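Fold and contact review
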Amino acid sequence: AAGVIQSPRHLIKEKRETATLKCYPISRHDTVYWYQQGPGQDPQFLISFYEKMQSDKGSIPDRFSAQQFSDYHSELNMSSLELGDSALYFCASSTASGRETQYFGPGTRLLVL
Amino acid sequence: AQKITQTQPGMFVQEKEAVTLDCTYDTSDQSYGLFWYKQPSSGEMIFLIYQGSYDEQNATEGRYSLNFQKARKSANLVISASQLGDSAMYFCAMSVLGSNYKLTFGKGTLLTVNP
């Protein structure tokens, strides 16, 4: 079965630009989580969605927004990018019935110059 | 709030030997899950093993086993018969029912398998 798909895999942006990261969960997974992993750090939770509604919010800057669409894919929109936004962004998906286990996508590596 | 502590920044093991990676956790929730993920240098996050707080038996998945000691709040990962491909960063993580199952990670342990 196909895993979580994230696009793009790599992204280079200038400061103050915007970026959109996309996530396509595993088929029949209705829950999506976004995590940010800075260089040499552990992943930090940003935001999650269940059945297209935001279910939880972590340390996500106000410059970032996200949503989950009717086909369950999710997009993370990042505006006014800063150097400190350079990180690996993961999307993970799970099912409502098995919400303990999250399967991660390959990540989007964002570099802000 | 939940907390995961991994006290070993780096570990070395000889190929074909077993290794234990330590993880302790802290939570006031009674229902929680404990996970181990492997992150190779390529960056992807690979799910290895899961242990639920109410599971009485230790979880096993192939060469991976989780030594769950609830009273000590520890969830150590044991890798048997180490292979060169096991060299990676290993993260212990926790999710709780009361926090919508978002994962809280430890700082990770970098495992190096020597030939």
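Now for a quick tour of the structure. The structure displayed is predicted, hence computed values, not measured ones.

A word on the interface of chain A and chain B. Counting from both sides, the interface comprises 19 residues of chain A and, opposite them, 19 residues of chain B. Summed over both sides, the interface of chain A with chain B buries roughly 1700 Å², with 55% coming from carbon and sulfur. At the boundary of chain A with chain B, the tally comes to 2 salt bridges. Residue lysine 107 of chain B pairs with aspartate 42 of chain A through a salt bridge whose shortest N-O separation is 3.2 Å. Run the count over chain A and chain B and you get 6 residue pairs in polar contact (both at pLDDT 80 or more). Element by element, the count of residues in the side of chain A that touches chain B is highest for strand S4 (residues 31-37) of chain A, at 3 residues. Per-class residue counts for the side of chain A that touches chain B are 9 nonpolar, 5 polar and 5 charged.

Attention now moves to the nonpolar core. Grouped together as the largest cluster of nonpolar side chains are 25 residues, with contacts concentrated most on Leu34, Trp36, Ile49, Leu77, Tyr90 and Leu111 of chain B. If you list the elements that add at least two residues to this core, you get strand S3 (19-21), strand S5 (32-39), strand S6 (46-52), strand S8 (64-69), strand S9 (74-79), strand S10 (88-96) and strand S12 (109-114) of chain B. In terms of residues, this core owes the most to one element, S10 of chain B, which gives 5 residues. Core analysis: the next-biggest nonpolar cluster, separate from the first, contains 22 residues, Ile26, Phe49, Leu81 and Leu110 of chain A among them.

Conventions we followed
Residues numbered from 1 in each chain as written. Chains lettered and ligands numbered in written order. Predicted model: local features only at pLDDT ≥ 70, side-chain atom pairs only at ≥ 80, totals over all residues. Heavy atoms only, no water. Contact = heavy atoms within 4.5 Å. Buried area = accessible area lost by both parts, 1.4 Å probe. Salt bridge = Lys/Arg side-chain N within 4 Å of Asp/Glu carboxyl O. Polar contact = N/O pair within 3.5 Å; in protein donor to acceptor, adjacent residues only side chain to side chain. Helix = DSSP H or I, 4+ residues; strand = E, 2+ residues; numbered from the N terminus. Nonpolar A, V, L, I, M, F, W, Y, C, P; charged D, E, K, R; others polar. Core = buried A, V, L, I, M, F, W, Y, C linked by side-chain atoms within 4.5 Å. Buried < 20%, exposed > 50% of the residue type's maximum accessible area, 1.4 Å probe, protein only.

Structural measurements only, silent on function.
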